[in-house]
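# Notes for the structure review
Here's the letter readout for the chains.
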There are 2 protein chains.
Amino acid sequence: MNSTSFAKSYFDKNQHFILEEWYNLLKLPTLGADTDHLGDCARATAILKKFLLSMNFAVEIITPEDEIPVPILIAERAAADAGTTVLFYGHYDVQPATPVDAWNTPPFEPTLIDGRVYARGAQDNKGQMVAFLQGIKALIDSGKPIPNIKIVMEGQEESGSFGLIKLAPDLSQRLQADVLLVCDTSCAPDGRPAIISSLRGIQNLTVTLKGPDYDLHSGTHGGVAPNPAQGIARLLASLHNENGSIAVQGFNDAIAPPSREEIEMARCSQQSDESYKAEIGCLPQGGERELPSAVRAGFYPTIEVNGLFSGHYGTGPKTVIPATASAKLSMRLVPYQKTADTLKSLQSHLTKHCPPGFTISFSEIIEGAPGFRLPVESPIFKLAEDVLKEMDERGPVFKWEGASIPVVATLQNISGAAPLLVGFGREEDKIHCPNESFSIDQFIQVMEWSTLILEALAF
Amino acid sequence: MNSTSFAKSYFDKNQHFILEEWYNLLKLPTLGADTDHLGDCARATAILKKFLLSMNFAVEIITPEDEIPVPILIAERAAADAGTTVLFYGHYDVQPATPVDAWNTPPFEPTLIDGRVYARGAQDNKGQMVAFLQGIKALIDSGKPIPNIKIVMEGQEESGSFGLIKLAPDLSQRLQADVLLVCDTSCAPDGRPAIISSLRGIQNLTVTLKGPDYDLHSGTHGGVAPNPAQGIARLLASLHNENGSIAVQGFNDAIAPPSREEIEMARCSQQSDESYKAEIGCLPQGGERELPSAVRAGFYPTIEVNGLFSGHYGTGPKTVIPATASAKLSMRLVPYQKTADTLKSLQSHLTKHCPPGFTISFSEIIEGAPGFRLPVESPIFKLAEDVLKEMDERGPVFKWEGASIPVVATLQNISGAAPLLVGFGREEDKIHCPNESFSIDQFIQVMEWSTLILEALAF
């Protein structure tokens, strides 16, 4: 019997218990950024703990020192003869369900319709996480070989993983592992499995220019007082060169350009300009325009303005010279860029290029987390490719992901493990949106992946 | 008996009636931008009409075609033998009294305390306007010589004079005059009378860049999608050169540089950089920095950003690429710049310099009104200097005003009259602010000015 039918037949046999476990988690509005839901987070960790104890894991629940102390679950199960140690990361928190009116079924009452379970978190990440854990249970129940497994599950992924990132250095020894498994991503648009070969890091900074002490009459003072809205425009314009590349001295020093193979593979999965425009509403003309768009998103850092505000924003004119202007920046970082260094380069640049007449200040500084990238020829990717070929004969694609899961690089660093991010999300799952769902087929797919990759790692 | 004592003795003799007339106007919350107060505006024009009829003016009240049809009063009184025709402009509308809590006395209950009348509009412009009209009445009552007088009073000055500006071309023949008298400005800081030798014009434009159809995830799309917040920064930065001068081709073509004499006189009244910083909170480093600040404000145009907004402006980070970014611009114009031309130059520049990836659009376009400037050696200024020397032996200063009274240039154009703007406001009057006031002494000063200048023009 092949593994596909093993996972499927295990699911079919235990369907009632598996769904009950999953639904019990989905019923809890585990909003990790909202203190009102700390109780729900505690209940979720209790359910997960009970489940892991039933598989003979040693389990500890840690309350991190954070403004919102959302519990973190750490578990470990040593296999009899295994040399390999796997670290599995998942999160039980979810995005808010707003706007609730837009849901066809109540967001915290999981509802099975036509083979899909509808609920907030049905996919992200309760669905994929529970399915992966059920894969572990299937292996254990069957007596198949299994590696040492360490698990960390948290409730702040959707709001920055601050608690876990802060705690991570203290967990370094406990979480030493060979492979870091994360099941929180998606397949390729054509349904082929995807290996996430990189994630970008992220950091944040808000910059403010102050001119006059208060908004001035732009007639009396126009051409005399420095205008912070104009000053910040000039300052932000200095961050990029004419061709869209980053102009901040030192910012890009550490980056390793992609290999020819990586460029070719990224280009293969690149959306055409026309298709991008049809989907998004504009051509992909951000970033360094000479480079292919998939290469820009996957292998190069960004400095993006996420918010910009100064002066009057109501209807109609108001002729003022604003007292201040602010820009919220976020930086996506690629491997070898050090968060402290990029932040320093950026602040130096902004200070140096600040036009005359203004006082510059920085706030909301989040040094953040670095990115990770593994070469496509990494042994762990080769192993994953073989496993994924068993599941889909076309084999996997590689995805150099522009987004960030900040905690991944942190866990990579403290555990020494090679990150292996494979997930089975689809566009139609509508994560973060109303009517999020996950199909039973996808759930079984994750179970399959879990059993196959763990079996392959059990040596 | 000299004229000072003439105005003062007339005031003293008729104090009761003069104050009653003024107070009756001050009691009306004539908010010209608020349809709820159209009734108060109508009541104000009725009071003014009755007063003018008592002086044998022919009076007409016109309801302009405007969204808020605030009545305009047109009056005319031909003198027996006078060759000179004076056009007097005033406005009976006021700024809102908010925040009302900050007033020590109710804003629409005029209250006399220590020789000052406290009320919204006490100075701007009901106080100066009524005082000027009482000067006319004093002259008429005394049988002194007087020029032909035309009067236009409106209720939308504080909100742009749209009704009057629209109506003005039709009034051209009726309002032909030699001198346009406006009493809506202030003395020099040291109390010397000031002749406003120029005002800047004003126009407005909002520019919007659209990138994607909706806010995008700045990880997935960062470096791929064009970011409108960054695009608008680059676009706005292109409006000025490094030294602060305007970089828009054609925008400055028509401007006439100030004469050496004007520059010298403007420099004389210029505030020191240190004093400016102490008052405003920053050095006067806006505009073309090589030029003296008083010259920049008085003789050069500006393109100012009054509002700038894009993306996330709440607390903390939100990692989006905003769908749009907008900037509200206002331009101050100097004589010979044509509003249609500057607007066209600016729109061409913005369109031409729009970075790739964005759709640019314009809204809230107000072509506005041009500026005016008379040379200091103009005959009307010589006459005014002589009159003002009678009132203050130091004589007047000239002020090249950076602000705008949009209707002045319009009235200058349609009437053919030379503008003569002299007013007796002081910083302590706190116009537009809570606890606005006007002293009885200033009121009498305006009456003096009115009687003296009209007598001087009666030939």
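Residues numbered from 1 in each chain as written. Chains lettered and ligands numbered in written order. Predicted model: local features only at pLDDT ≥ 70, side-chain atom pairs only at ≥ 80, totals over all residues.

### Quick notes on the overall build of chain A
A count of helices and strands for chain A gives 12 helices and 18 strands. Over its C-alpha trace chain A gives a radius of gyration of 24 Å, about what one expects of a compact globule, namely 23 Å for 459 residues. With the C-alpha coordinates of chain A rotated into their principal frame, the extents come out at 80 × 50 × 45 Å. Here chain A, with 459 residues, has 55% of them falling under the buried criterion. (Helix = DSSP H or I, 4+ residues; strand = E, 2+ residues; numbered from the N terminus. Rg over C-alpha atoms; globule rule 2.2 N^0.38 Å. Buried ≥ 20, exposed ≤ 12 C-beta atoms within 10 Å, placed from the backbone.)

### Describing the relation of the copies chain A and chain B
For the pair chain A and chain B, the superposition axis carries a translation of 0.1 Å, the fit reaches an RMSD of 0.1 Å, and the rotation angle comes to 180°. What the rotation and shift describe, once combined, is the action of a two-fold rotation axis. The residues that chain A uses at the interface reappear at the interface of chain B in 100% of cases, marking a shared surface. (Least-squares fit on C-alpha atoms with pLDDT ≥ 70 in both. Contact = placed C-beta atoms within 7 Å.)

### Focus: the domain arrangement of chain A
Residue and element names in this part refer to chain A. Looking at chain A, the domain boundaries give domain 1 (3–199 + 371–457) and domain 2 (201–255 + 301–369). Relative to domain 2, the C-alpha centre of domain 1 lies at a distance of 38 Å. Between domain 1 and domain 2, the contact holds 9 residues from the first and 8 residues from the second. Here the element with the most residues in the side of domain 1 that touches domain 2 is helix 11 (residues 406–415); it accounts for 3 residues. Residue classes in the side of domain 1 that touches domain 2 are distributed as 4 nonpolar, 4 polar and 1 charged. (Domains from an automatic or database assignment. Nonpolar A, V, L, I, M, F, W, Y, C, P; charged D, E, K, R; others polar.)

### Structural notes on the sheet that holds strand 14 (residues 359–369) of chain A
Sheet architecture is open: 8 strands sit in the order 14(A)-9(A)-13(A)-11(A)-11(B)-13(B)-9(B)-14(B), paired in antiparallel fashion. Each edge of the open sheet is held by one strand with a lone partner, namely strand 14 of chain A together with strand 14 (359–369) of chain B. Adjacent strand axes in the sheet meet at a mean angle of 20°, parallel and antiparallel pairs treated alike. Packed on one face of the sheet, helix 9 (residues 339–353) of chain B meets strand 9 (201–210), strand 11 (302–311), strand 13 (324–333) and strand 14 of chain B and runs near 165° to strand 14 of chain B. (Pairing = 2+ DSSP bridges. Axes fitted to C-alpha atoms, helices over the stretch in contact; angles between N-to-C directions.)

### A word on the sheet that holds strand 18 (residues 437–439) of chain B
All names here are of chain B. One open sheet accounts for 3 strands, arranged 4-5-18; its pairing is antiparallel. The sheet is open, and its two borders are formed by strand 4 (111–113) and strand 18, each paired with just one other strand. Averaged over all neighbouring strand pairs, the angle between strand axes comes to 30°, with direction disregarded. By the bridge criterion, 3 bridges tie strand 5 (residues 116–118) to strand 18 in an arrangement that is antiparallel. Counted as the bridge partner of V117 is F438 from strand 18.

### Side note on helix 3 (residues 126–142) of chain A
Compared with an ideal rise of 1.5 Å per residue, which puts 17 residues at 24 Å, helix 3 of chain A spans 24 Å between its outermost C-alpha atoms and is within 8% of the ideal. For helix 3 of chain A, the buried fraction is high: 14 of the 17 residues fall into the buried class. (Expected span 1.5 Å × (residues − 1).)

### Digging into the confidence of the model for chain A
Per-residue confidence for chain A gives a mean pLDDT of 94; residues scoring 70 or more make up 99%. Among the prediction metrics, the complex's ipTM stands at 0.88, with pTM recorded as 0.87. (pLDDT = per-residue confidence, 0-100.)

### Some remarks on helix 11 of chain A
All names here are of chain A. Burial analysis of helix 11 places 8 of its 10 residues in the buried class, the great majority of the element. The complete set of buried residues in helix 11 reads P406, V407, V408, A409, T410, L411, I414 and S415. Backbone geometry just downstream of helix 11 places G416 in the positive-phi region, at approximately 75°.

### Re the interface of chain A and chain B
Of the residues lining the interface, 64 residues belong to chain A; the matching set on chain B comes to 64 residues. Those elements giving two or more residues to the side of chain A that touches chain B turn out to be strand 10 (216–217), helix 5 (228–237), helix 8 (293–299), strand 11 (302–311), strand 12 (320–321), strand 13 (324–333) and strand 14 of chain A. For the side of chain A that touches chain B, the leading source of residues is strand 11 of chain A, giving 9 residues. Counted by class, the side of chain A that touches chain B contains 26 nonpolar, 29 polar and 9 charged residues. Relative to strand 11 of chain B, strand 11 of chain A is paired through 5 bridges, and the arrangement is antiparallel. Counted as the bridge partner of G307 of chain A is G311 of chain B from strand 11 of chain B.

### Describing the packing of helix 10 (residues 379–391) of chain A against helix 12 (residues 440–457) of chain A
All names here are of chain A. Relative to each other, helix 10 and helix 12 sit at 140°, their axes nearing to 10 Å. Taken as axis vectors, helix 10 and helix 12 run oblique relative to one another. Handedness of the helix 10/helix 12 crossing: right-handed. Residues L383, A384, V387, E390 and M391 of helix 10 lie in contact with helix 12, whose contacting residues are E448, W449, L452, I453 and A456. (Parallel < 35°, antiparallel > 145°, perpendicular 65-115°, else oblique. Left-handed = near helix turned anticlockwise from the far one by under 90°.)

### Comments concerning unusual backbone geometry
Residue P99 of chain A follows T98 of chain A across a cis peptide bond; omega there is -5°. As for its placement among the helices and strands, P99 of chain A is situated in the loop between strand 3 (85–91) and strand 4 (111–113). N125 of chain B follows D124 of chain B through a cis peptide bond whose omega is -5°. For S161 of chain B, which is not a glycine, the phi torsion comes out positive at approximately 55°.

### Some remarks on the pairing of strand 17 (residues 418–423) of chain A
Residue and element names in this part refer to chain A. The buried fraction of strand 17 is high, at 5 of 6 residues. For strand 7 (residues 179–182) and strand 17, the ladder comprises 4 bridges, and the chain directions are parallel. By the bridge assignment for strand 17, V182 is matched with L421. As paired elements, strand 8 (residues 194–199) and strand 17 share 3 bridges and run antiparallel to each other. Residue pairing in the sheet places A194 in a bridge with G423 of strand 17.

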